[in-house]
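# Observations on the model geometry
Chain by chain, the residues:
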Amino acid sequence: TQSHGGPLNECESDRCVCKLFMSSRKRRSRESQDGSKKVRKTESAEIEIQNAAVISTEGDVDISTSVVCSMSSVKVESVVATSPQLLPLAAISASLRDQLAVLKFSRPVTHTYNPLEYAFDNHLSFLEKYGQGPKEVLLLGMNPGPFGMAQTGVPFGDKGWVRDFLGIFGPVNKPSKEHPKRPVDGFDCRRSEVSGHRVWSWVQKAFGTAEKFFARFYIHNYCPLMFMESPTGKNRTPDKLSPKERDKLFAICDESLREVVALMKPKYVVGIGKFARGRAEIALTEVDHGAVVLDILHPSPANPLANKAWDETVTNQLKKAGIII
């Protein structure tokens, strides 16, 4: 793969062609002379995507948007999938990761984790398995917890549920600056995340399998960053940042959320907690999205109401909004 303006890079699979560095015009996909399809594998590739699209091998498509991002440690064939939704969704996550990488945060924040940097392969597996196609309901979390997404790269990512229920289990690197009280041990983490346990146990109880749940639902975190204070590693939520730093962060996360909503076209955007609902309402105010925005009870054990039959409560809240469980 070369820099922008370089030659075309094609990755052909059974149903689609991923064309990188394409000009914004119609292109016809081509099969090899013997009619077979080939997949070009690139491990640990640095991929910059411009005007990227997944194109049916049976016809033309007009590429009207430009997405530029950098994906590290990604296999090309993992990005190219049977749904045209996956490549843009992965690009949205990678673009969000890279935009947030340049932000700086002042005390009392001393450490910032971005699992889209050090656990991106697991995150990409989550997108690949469960992020394809339009969704009826987009469940929106706030940001990673220290024993969930910060360890696995998956929203509400308690390690046991991510491994055993979602079927995602891969190596996790270390953040560039690790807090001694909040080590990143990936799937070797000795702690469990209560919020994640509640979310995925509800999913299992209500839907049976992850596949049935994700056929209609998707879970996304508004902000992928986790903020810690020294010396204890205390979690600092995004709304508690200084106004200037918070505004820069929210502007980037708002735009990323708009891109996810435009891609998935949900009928409902459901904030998991009041913060997520509030950010969704603000981000989507001037966008013709057509979704109903509401909230459900956050599963955090810090919320007294969540410590008693949280699963029954959220099921009733969703049913009341017209969402069939």
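Because the structure is a prediction, the values reported are computed rather than measured. (Residues numbered from 1 in each chain as written. Predicted model: local features only at pLDDT ≥ 70, side-chain atom pairs only at ≥ 80, totals over all residues. Heavy atoms only, no water.)

## Here's the deal with the sheet that holds strand E9 (residues 137-141)
Strand pairing in a sheet relies on backbone hydrogen bonds. The paired strands run either parallel or antiparallel. As a reminder of what qualifies: Strands pair, by our definition, only if DSSP identifies at least two bridges between them. Numbering of helices and strands runs from the N terminus; a helix is a DSSP stretch of H or I covering at least four residues, while a strand is a stretch of E covering at least two. Each axis is a line fitted through C-alpha atoms, and for a helix only the stretch in contact is used; angles between axes span 0 to 180 degrees, taken between their N-to-C directions.
Taking strand neighbours across the sheet as the criterion, the four strands line up as E10-E9-E13-E14 in an open arrangement whose pairing is parallel. The outermost strands of the open sheet, each flanked by one partner alone, are strand E10 (217-221) and strand E14 (292-296). Averaged over all pairs of adjacent strands, the angle between their axes in this sheet comes to 25°, without regard to strand direction. One ladder, built from five bridges, connects strand E13 (residues 268-272) with E14; its direction is parallel. Bridge pairing links Val269 to Val293 in E14.

## Here we look at unusual backbone geometry
Short version of the rule: Only protein chains enter the accessibility calculation, which uses a 1.4 Å probe; a residue whose area is less than 20% of its type maximum is buried, one above 50% is exposed, and one in between is partly exposed.
In this structure, the amide linkage connecting Arg107 to the following residue, Pro108, adopts the cis form with an omega of 15°. Checked against the element boundaries, Pro108 lands in the loop between helix H2 (86-100) and strand E8 (109-113). Here the phi dihedral of Phe156 falls at roughly 55°; this positive angle occurs in a residue that is not glycine. Structurally, Phe156 is set in the loop between helix H5 (149-152) and helix H6 (159-164). In this structure Phe156 comes out as buried when scored by relative accessible area, which is 7%.

## Focus on the sheet that holds strand E11 (residues 226-229)
The strand order across the open sheet formed by three strands is E8-E11-E12, and the pairing between neighbours is antiparallel. In the strand order of this sheet, the two ends are held by E8 and strand E12 (234-236), each with one partner. Within this sheet the neighbouring strands show an average axis-to-axis angle of 40°, counted without direction.

## A few points about the confidence of the model for the protein
Worth spelling out the cut-off: Each residue carries a pLDDT score, the predictor's own confidence in it, on a scale running from 0 to 100. Residues count as neighbours in contact if any of their non-hydrogen atoms are within 4.5 Å of one another.
With 74% of its residues at a pLDDT of 70 or more, the protein shows a mean pLDDT of 80. In the predicted structure, residues 1-83 sits below a pLDDT of 50 and forms 171 contacts with residues beyond four places in sequence or in another chain.

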